[in-house]
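Coordinates in review
So you can see what is in the structure, the chains are spelled out below.
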Amino acid sequence: QVQLVESGGGLVQAGGSLRLSCVASGRTFNNYTMGWFRQAPGKEREFVAVIMWSGSNTYYADSVKGRFTISRDNAKNTVYLQMNSLKPEDTAVYYCAAAMYGLGYQLTARYDYWGQGTQVTVSS
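Residues numbered from 1 in each chain as written. Predicted model: local features only at pLDDT ≥ 70, side-chain atom pairs only at ≥ 80, totals over all residues. Heavy atoms only, no water.

Quick notes on the overall build of the chain
From N to C terminus, the chain includes zero helices and 11 strands. Listing every helix and strand of the chain by position from the N terminus yields β-β-β-β-β-β-β-β-β-β-β. Relative to the 2.2 N^0.38 estimate, which gives 14 Å for 124 residues, the radius of gyration of the chain is 13 Å and therefore close to what a compact globule would have. Dimensions of the chain, computed from the C-alpha atoms along their principal axes, are close to 40 × 25 × 25 Å. Out of the 124 residues belonging to the chain, those deemed buried represent 44%. For the chain, the computed accessible surface area is about 6500 Å², with 48% contributed by carbon and sulfur atoms. Where the 11 positive side-chain charges of the chain centre and where its 8 negative ones centre are 5 Å apart. (Helix = DSSP H or I, 4+ residues; strand = E, 2+ residues; numbered from the N terminus. Rg over C-alpha atoms; globule rule 2.2 N^0.38 Å. Buried < 20%, exposed > 50% of the residue type's maximum accessible area, 1.4 Å probe, protein only. Areas by Shrake-Rupley, 256 points an atom, 1.4 Å probe, with all protein chains shown as cover. Lys, Arg positive; Asp, Glu negative; His and termini not counted. Charge placed at Lys NZ, Arg CZ, Asp CG, Glu CD.)

Brief notes about the nonpolar core
Counting 37 residues, the largest nonpolar core has Leu4, Met34, Trp36, Leu81, Met83 and Tyr94 as the members making the most contacts within it. Looking at this core, the elements that each hand over two or more residues are β3 (18-25), β4 (33-39), β5 (46-51), β7 (68-73), β8 (78-83), β9 (92-99) and β11 (118-123). (Core = buried A, V, L, I, M, F, W, Y, C linked by side-chain atoms within 4.5 Å.)

A word on unusual backbone geometry
A positive phi angle is found at Asn77, which is not glycine, with a value near 55°. Among the secondary structure elements, Asn77 is positioned in the loop between β7 and β8. Residue Ser85 is not a glycine yet carries a positive backbone phi of 50°. Its place among the elements puts Ser85 in the loop between β8 and β9. A relative accessible area of 41% places Ser85 in the partly exposed class.

A short note on the packing of aromatic side chains
Counted under the stated rule, the structure contains eight aromatic pairs. On the basis of an interplanar angle of 80° and a centroid distance of 5.0 Å, the ring pair of Phe37 and Tyr111 is categorised as edge-to-face. Remark: Tyr111 occurs in the loop between β9 and β10 (113-114) and Phe37 occurs in strand β4; sequence separation between them is 74 residues. Ring centres of Tyr111 and Trp114 lie 5.9 Å apart, and the angle between their planes is 55°; on these two criteria the pair is classed as tilted. You can call Tyr111 buried: its relative accessible area is 6%. Clustering of aromatic rings is evident, with ring pairs tying together Phe37, Phe47, Tyr59, Tyr95, Tyr105, Tyr111 and Trp114. (Phe/Tyr/Trp six-rings, centres within 6.5 Å; stacked < 30°, edge-to-face > 60°.)

With respect to the environment of Ala49
Mapped onto the fold, Ala49 is located in strand β5. Taking C-alpha positions, Ala49 is 5.6 Å from Gly35, a pair spaced 14 residues apart along the chain. Not counting chain neighbours up to four residues away, the residues in contact with Ala49 comprise Met34, Gly35, Trp36, Tyr59, Tyr60, Ile70 and Leu81. (Contact = heavy atoms within 4.5 Å.)

A short note on the pattern of salt bridges
Considering all chains together, one arrives at three salt bridges under this definition. In this structure, the salt-bridge partner of Arg38 is Glu46, at a minimum N-O distance of 2.7 Å. Here Arg38 falls in the buried class, since its relative accessible area comes to 5%. Across the salt bridge formed by Asp90 and Arg38, the nearest N and O atoms sit 2.9 Å from each other. On the criterion of sequence distance, the pair formed by Asp90 in the loop between β8 and β9 and Arg38 in strand β4 is long-range, its members being 52 residues apart. (Salt bridge = Lys/Arg side-chain N within 4 Å of Asp/Glu carboxyl O.)

Topic: the sheet that holds β7
The strands making up a sheet are joined through hydrogen bonds of the backbone, oriented either antiparallel or parallel. If you trace the four strands from one edge of the open sheet to the other, you get β1-β3-β8-β7, paired in antiparallel fashion. Lying at the two open borders of the sheet, with one neighbouring strand each, are β1 (3-7) and β7. Averaged over all pairs of adjacent strands, the angle between their axes in this sheet comes to 15°, without regard to strand direction. One ladder, built from five bridges, connects β1 with β3; its direction is antiparallel. (Pairing = 2+ DSSP bridges. Axes fitted to C-alpha atoms, helices over the stretch in contact; angles between N-to-C directions.)

Below you can see the structure in the form of structure tokens.
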């Protein structure tokens, strides 16, 4: 199994930056597709970014493309989400998730493991 722990959230002003981290446990970490999702109050959880197990393929939601960057360091069992030019609309709880397979990476149901979430609040 895989256990995920997110960190790095907090309060930041619009235009600022944050870097989220997700530390994973398990010997099979390198084989997992890793995604970031977010959920704003009163809204459904939505896809943000994904990085395939090889680290060579990444995909982003249109709302964050060009501002967010997902990366992974398999030696540290860690996936990152660098968030730049933050907007108030980015305010949400951000979740790290791991999937055994990359098919349907935009769908929450495809992910096998989830972290506890970390709050990101962007003020005007």
